[in-house]
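Understanding the architecture of this molecule
Spelled out from the first residue to the last, the chains are:
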Amino acid sequence: MILRLPITTLANAPLGEQHIPLKLRYQACSTELCLPPVTVTLGATLNVAASASAARSAHAEIFGKP
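All values derive from a computational prediction rather than experimental measurement. (Residues numbered from 1 in each chain as written. Predicted model: local features only at pLDDT ≥ 70, side-chain atom pairs only at ≥ 80, totals over all residues. Heavy atoms only, no water.)

**A look at the overall build of the protein**
In plain terms, the rule: Strands here mean DSSP runs of E at least two residues long; helices mean DSSP runs of H or I at least four residues long; both are numbered from the N terminus. We take the radius of gyration over the C-alpha atoms and set the globule estimate at 2.2 Å times the residue count to the 0.38 power. Burial classes: relative accessible area under 20% of the type maximum marks a residue as buried, over 50% as exposed, and values in between as partly exposed (1.4 Å probe, protein chains only). Working rule for contacts: check all heavy atoms of both residues, and any pair within 4.5 Å makes them a contact. The protein chains shown are the only cover counted for residues, whose accessible areas, like all others here, come from Shrake-Rupley with a 1.4 Å probe.
Each helix and strand counted, the protein has 1 helix and 2 strands in total. The linear arrangement of helices and strands in the protein, starting from the amino end, is β-β-α. Over its C-alpha atoms the protein spans a radius of gyration of 17 Å, topping by over 25% the 11 Å that the globule rule assigns to 66 residues. Dimensions along the principal axes, computed over C-alpha positions, put the protein at roughly 50 × 25 × 15 Å. Counting every position in the protein, which comprises 66 residues, the buried fraction comes to 3%. Excluding contacts between residues fewer than 6 apart, the proportion of contacts in the protein whose partners are at least 24 apart in sequence is 44%. Accessible area for the protein stands at about 6,200 Å²; split by element, carbon and sulfur atoms hold 59% of it.

This is how it looks when you write it as structure tokens:
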């Protein structure tokens, strides 16, 4: 499964690789019953660039080519 979320950094965000802790909560259901909710702790890593012109594309197989 791929989840896509917009991410906006603050103007004073530290440059370089940043780690973001995440919690994903989901509940599987059918037309007849639902399983108990589950919470999974995850993490994401992103690189903060000084400007859009300094940004590099990543994971074109997921996000497409610019």
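There is more to say after this.
**Some words on the state of the cysteines**
In plain terms, the rule: Two cysteine sulfurs form a disulfide in these notes if their separation is within 2.5 Å.
What the rule picks out here adds up to 1 disulfide. Across the disulfide from Cys-29 sits Cys-34; the S-S distance is 2.0 Å. What sets the handedness of the Cys-29 and Cys-34 disulfide is the S-S torsion sign, and at about 115° it is right-handed.

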